[in-house]
Amino acid sequence: AAELNDARASRDRERLARDLHESVGSSLSLAAVYGDLLDRARGDARASQRLAAALTDAADQGLDDLRALLEGLAAEDHGDLAAVIASRARRLAAATGVAVNVRAEES
């Protein structure tokens, strides 16, 4: 049983590392690129504004991805996946102005 739990924990750590790398890591890498471009565009106010907006978007996306991963972990711990999905739907609705309805049924 201990070996099975260790194998499960190892698999979960690998999945989390992969998810962090693919989502949060890519957003942070993109933010770093935009930061570098922003530094190079100091003399061009219009380009600087566009790059600053892109940098903010990349950082916001990274935070959203991190929150989603953490909510997913909480759902695994507490078994409340429906609440996580509803929370993500509310955030999506608030950000886009699109009405989102979530209905979950136990099978």
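Notes on the structure follow.

### A short note on the overall build of the protein
Turning to step 1, where the next piece is worked out: Summing up its helical and strand segments, the protein has three helices and zero strands in all.
Turning to step 2, where the next piece is worked out: In sequence order, the secondary structure elements of the protein are arranged as α-α-α.
Turning to step 3, where the next piece is worked out: Counting all 107 residues of the protein, 18% fall into the buried class.
Turning to step 4, where the next piece is worked out: When contacts within the protein are restricted to residue pairs at least 6 apart in sequence, those whose partners lie at least 24 apart make up 44%.
Turning to step 5, where the next piece is worked out: Here the protein displays about 8100 Å² of accessible surface, and carbon together with sulfur accounts for 55% of that area.

### Digging into the pattern of salt bridges
Turning to step 1, where the next piece is worked out: A full pass over the atoms with the stated rule returns three salt bridges.
Turning to step 2, where the next piece is worked out: For D64, the salt bridge is made with R67, and the minimal N-O distance between the two is 3.3 Å. Placement of both D64 and R67 in helix α2 (residues 45–78) is noted, with a separation of three residues, approximately one turn of the helix.
Turning to step 3, where the next piece is worked out: A relative accessible area of 26% means that D64 is categorised as partly exposed.
Turning to step 4, where the next piece is worked out: The exposure class of R67 is partly exposed, given its relative accessible area of 40%.

### Side note on helix α1 (residues 2–40)
Turning to step 1, where the next piece is worked out: Here α1 is 39 residues long and its end C-alpha atoms lie 54 Å apart, about the 57 Å a rise of 1.5 Å per residue gives.
Turning to step 2, where the next piece is worked out: Where α1 bends most, the angle comes to about 35 degrees, and this point is G25.
Turning to step 3, where the next piece is worked out: Where α1 is concerned, the buried positions are S23, V24, S27 and A31.

So, how was this worked out
- Residues numbered from 1 in each chain as written.
- Predicted model: local features only at pLDDT ≥ 70, side-chain atom pairs only at ≥ 80, totals over all residues.
- Heavy atoms only, no water.
- Helix = DSSP H or I, 4+ residues; strand = E, 2+ residues; numbered from the N terminus.
- Buried < 20%, exposed > 50% of the residue type's maximum accessible area, 1.4 Å probe, protein only.
- Contact = heavy atoms within 4.5 Å.
- Areas by Shrake-Rupley, 256 points an atom, 1.4 Å probe, with all protein chains shown as cover.
- Salt bridge = Lys/Arg side-chain N within 4 Å of Asp/Glu carboxyl O.
- Expected span 1.5 Å × (residues − 1).
- Bend = angle between axes of the 7 residues up to and from the residue.

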